Amino acid sequence: MRFFKIFLIIFLCFVCKSKEPTKPVKKFSETNDFLVDRFATAETIALFENLKQLSNRGVMFGHQDDLAYGVGWQAENGRSDIKSVCGDYPAVTGWDLGDIQKQSNLDGVDFEKMKQWIRETHARGGITALSMHLDNPVTLNNAWDNTPAVAAILPDGNRYKSYLKILDQIAGFLADLVTDDGICIPVVFRPYHEHNHSWSWWGSSACTVDEYNALWKMTVEYLRDTHELHHLLYAISPQEVNSESQYLARYPGDDFVDIFGMDDYRLWNRSQVNVVGKSLEIIVTLAEKRDKIAALTEVGVENVPFSDWWSNYLLAAIEYSNISRKIAWALVWRNASETHFFAPYPGHPSAADFIEFYKDPFTIFQSQLPDMYH
Ligand code: BMA
């Protein structure tokens with residue numbers, strides 16, 4: 001009898017084991033063949049398609065840290081300098097994940113509140129873009145310490161494991177971007193920006209082209225494949241580019257980029273309008289050839305010293321030609337204080353012109369967006 005029981009157990013184990021599938025079953029099936037993420041969620045694919053369509057119709061206005069603070073206020077429910085000036089929220093809200101290892105980001109925005117603002121933005125139909133001023137992973141100084149560090153955080157480097165811990169925290173933040181109904185909120189993820197300039201540790205003086213591209217790919221693969229995050233569109237954003245070859249000089253490849261961004265801080269005089277317009281033509285052309293999207297991912301002049309800047313500088317550059325006007329959005333940087341701001345606030349000399357900019361049929365603010373997620 002005892003012998004029989006042992007035999008039965010061995011027999012059952014064998015039968016069960018032989019029924020196990022030989023290949024691991026994939027949790028998801030591919031959803032698309034054009035995004036960086038072949039497993040992107042339906043809402044993420046919809047965001048990409050809607051951004052593309054909308055880029056033919058107008059330009060969305062964006063503002064960094066819009067809901068967190070403005071000139072003279074901090075974290076007030078529903079407040080936004082843009083809304084105070086024109087009555088509507090920006091279509092795109094930008095946030096930065098620098099200092100992810102702390103409670104608040106490098107500009108003092110609490111990460112839990114940031115998540116809440118991103119959920120609110122999504123609930124109102126708006127769009128979120130995330131940049132990343134991460135500390136130098138070798139010296140642990142801020143992002144502006146351009147001591148070489150990229151080689152050290154690639155898989156063979158001695159800081160690889162500690163850098164993955166930072167990316168784990170980024171992934172944790174992104175994974176929390178979920179609606180009350182459990183839907184992942186699609187976001188534009190824009191790491192390692194302005195990399196053709198030299199101020200940062202991922203910039204042109206601090207790493208080789210191959211190192212930059214390897215860092216980009218490693219980051220995408222870690223978030224997408226290891227952490228299985230499928231609600232990101234990946235945007236690259238060199239600064240002030242004047243030719244296609246300049247744009248592609250540091251570029252991880254079409255399989256790793258969804259959005260062709262550019263950051264541009266040259267609009268300090270009217271003669272720059274054509275210069276910026278031509279650069280926008282370049283990014284639109286590059287993007288269209290690949291069926292992707294172009295965007296002015298950062299733009300502005302500090303403290304907006306020209307009262308007609310919105311119409312005669314920014315909109316004029318975007319409307320330079322039928323090509324340049326196809327950028328999907330233009331985002332201005334944060335309103336930190338009376339001495340460091342990029343958007344208008346009530347009483348600022350450019351507020352009246354901003355209202356004209358808002359009324360222009362070509363500009364798109366949050367309440368004018370179609371459903372971007374279906
Ligand atoms: C810069 C400035 C800094 C800020 C950084 C990241 O351009 O606004 O004060 O810390 O962006 O947001």
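Quantities reported herein were computed from a predicted structural model and do not represent experimental measurements.

Caption draft 1: How the structure looks around the environment of A295. Within the secondary structure layout, A295 lies in strand 9 (residues 293-299). Residue A295 is classed as buried on the basis of its relative accessible area of 0%. With 49 residues separating them along the chain, A295 and P344 place their C-alpha atoms 21 Å apart. Setting aside residues no more than four positions away along its own chain, A295 makes contact with I259, F260, G261, M262, I283, I327, A328 and W329.

Caption draft 2: Structural context of the site of the ligand. Every residue close to the ligand is listed here: L106, D107, H133, W144, W333, R334 and H340. Here an oxygen atom of the ligand and a side-chain polar atom of D107 are 2.6 Å apart. The side chain of W333 places a nitrogen or oxygen atom 2.9 Å from an oxygen atom of the ligand. For the ligand, whose accessible area on its own is 310 Å², the fraction buried by protein is 74%. Residues that form the shell around the ligand fall into these classes: three nonpolar, two polar and two charged.

Caption draft 3: Structural detail: helix 6 (residues 160-175). In this model helix 6 runs 22 Å from its N-terminal to its C-terminal C-alpha over 16 residues, within 8% of the 22 Å that 1.5 Å per residue would give. Close packing links the buried residues of helix 6 with helix 4 (111-123), strand 5 (127-131), helix 5 (150-153), strand 6 (187-190), helix 7 (209-226) and strand 7 (232-236).

Caption draft 4: Representation of the packing of helix 10 (residues 309-318) against helix 11 (residues 351-359). The interhelical angle for the contact between helix 10 and helix 11, taken along N-to-C directions, is 50°, at an axis separation of 8 Å. As judged from the angle between their axes, helix 10 and helix 11 are oblique. Every residue of helix 11 that contacts helix 10 at W309, W310, S311, L314 and L315 is listed here: D353, F354, E356 and F357. By residue class, the composition of the contact of helix 10 with helix 11 is six nonpolar, one polar and two charged.

Caption draft 5: Region of the structure containing the side chain of H348. Take H348: it is sitting in the loop between strand 10 (329-332) and helix 11. Among the polar contacts made by the side chain of H348, one reaches the main-chain amide nitrogen of S350 at a distance of 3.0 Å.

Caption draft 6: Looking closely at the confidence of the model for the chain. In this model, the chain carries an average pLDDT of 95, and 93% of its residues clear a pLDDT of 70 or more. Segment residues 15-21 is flagged for pLDDT under 50; beyond a separation of four residues in sequence, or across chains, it makes zero contacts in the model.

Caption draft 7: Layout of the packing of aromatic side chains. Under the counting rule described, the total for this entry stands at 29 aromatic pairs. Look at F189 and Y234: their rings are 6.0 Å apart centre to centre, the planes differ by 90°, and that puts the pair in the edge-to-face class. Of this pair, F189 sits in strand 6 while Y234 is found in strand 7, placing the two residues 45 residues apart along the sequence. A residue is classified by how much of its surface remains accessible, and F189, at 0% relative accessible area, is buried. Ring geometry for Y251 against F260: centres 5.5 Å apart, planes inclined by 45°, an arrangement best described as tilted. The class for Y251 is buried, based on a relative accessible area of 11%. Members of the aromatic cluster, each reached through a chain of ring pairs, are W144, Y163, Y192, W199, W201, W202, Y212 and W216. Positioned above the aromatic ring of Y313, the side-chain terminus of R270 is 5.9 Å from the ring centre. One Lys or Arg, R325, reaches over the ring of F362 and ends 4.2 Å from the middle of that ring.

Caption draft 8: Here's a closer look at the pattern of salt bridges. Throughout the structure, instances matching the rule amount to 15 salt bridges. A salt bridge links D107 to R334, with the shortest nitrogen-to-oxygen separation between them at 3.5 Å. Of this pair, D107 sits in the loop between strand 4 (92-96) and helix 4 while R334 sits in the loop between strand 10 and helix 11, and the two are 227 residues apart along the sequence. The class of D107 is partly exposed, set by a relative accessible area of 27%. A salt bridge links E298 to R190; the shortest N-O distance between them is 2.8 Å. Taken together, the residues span a long stretch of sequence, with E298 in strand 9 and R190 in strand 6 at a distance of 108 residues. The pair E298 / R190 is uniform in exposure class, with both members buried.

Caption draft 9: Spatial organisation of the packing of helix 9 (residues 272-289) against helix 10. At a minimum axis separation of 8 Å, helix 9 and helix 10 run at an interaxial angle of 30°. Relative to helix 10, the element helix 9 lies roughly parallel. Handedness of the helix 9/helix 10 crossing: right-handed. Residue-level contacts link V273, V276, G277 and L280 of helix 9 to N312, Y313, A316, A317 and I318 of helix 10. Grouping the constituent residues of the contact of helix 9 with helix 10 by class yields seven nonpolar, two polar and no charged.

What counts and what doesn't
- Residues numbered from 1 in each chain as written.
- Predicted model: local features only at pLDDT ≥ 70, side-chain atom pairs only at ≥ 80, totals over all residues.
- Heavy atoms only, no water.
- Helix = DSSP H or I, 4+ residues; strand = E, 2+ residues; numbered from the N terminus.
- Buried < 20%, exposed > 50% of the residue type's maximum accessible area, 1.4 Å probe, protein only.
- Contact = heavy atoms within 4.5 Å.
- Near = heavy atom within 4 Å.
- Polar contact = N/O pair within 3.5 Å; in protein donor to acceptor, adjacent residues only side chain to side chain.
- Areas by Shrake-Rupley, 256 points an atom, 1.4 Å probe, with all protein chains shown as cover.
- Nonpolar A, V, L, I, M, F, W, Y, C, P; charged D, E, K, R; others polar.
- Expected span 1.5 Å × (residues − 1).
- Axes fitted to C-alpha atoms, helices over the stretch in contact; angles between N-to-C directions.
- Parallel < 35°, antiparallel > 145°, perpendicular 65-115°, else oblique.
- pLDDT = per-residue confidence, 0-100.
- Phe/Tyr/Trp six-rings, centres within 6.5 Å; stacked < 30°, edge-to-face > 60°.
- Lys NZ or Arg CZ within 6 Å of the ring centre and 35° of its normal.
- Salt bridge = Lys/Arg side-chain N within 4 Å of Asp/Glu carboxyl O.
- Left-handed = near helix turned anticlockwise from the far one by under 90°.

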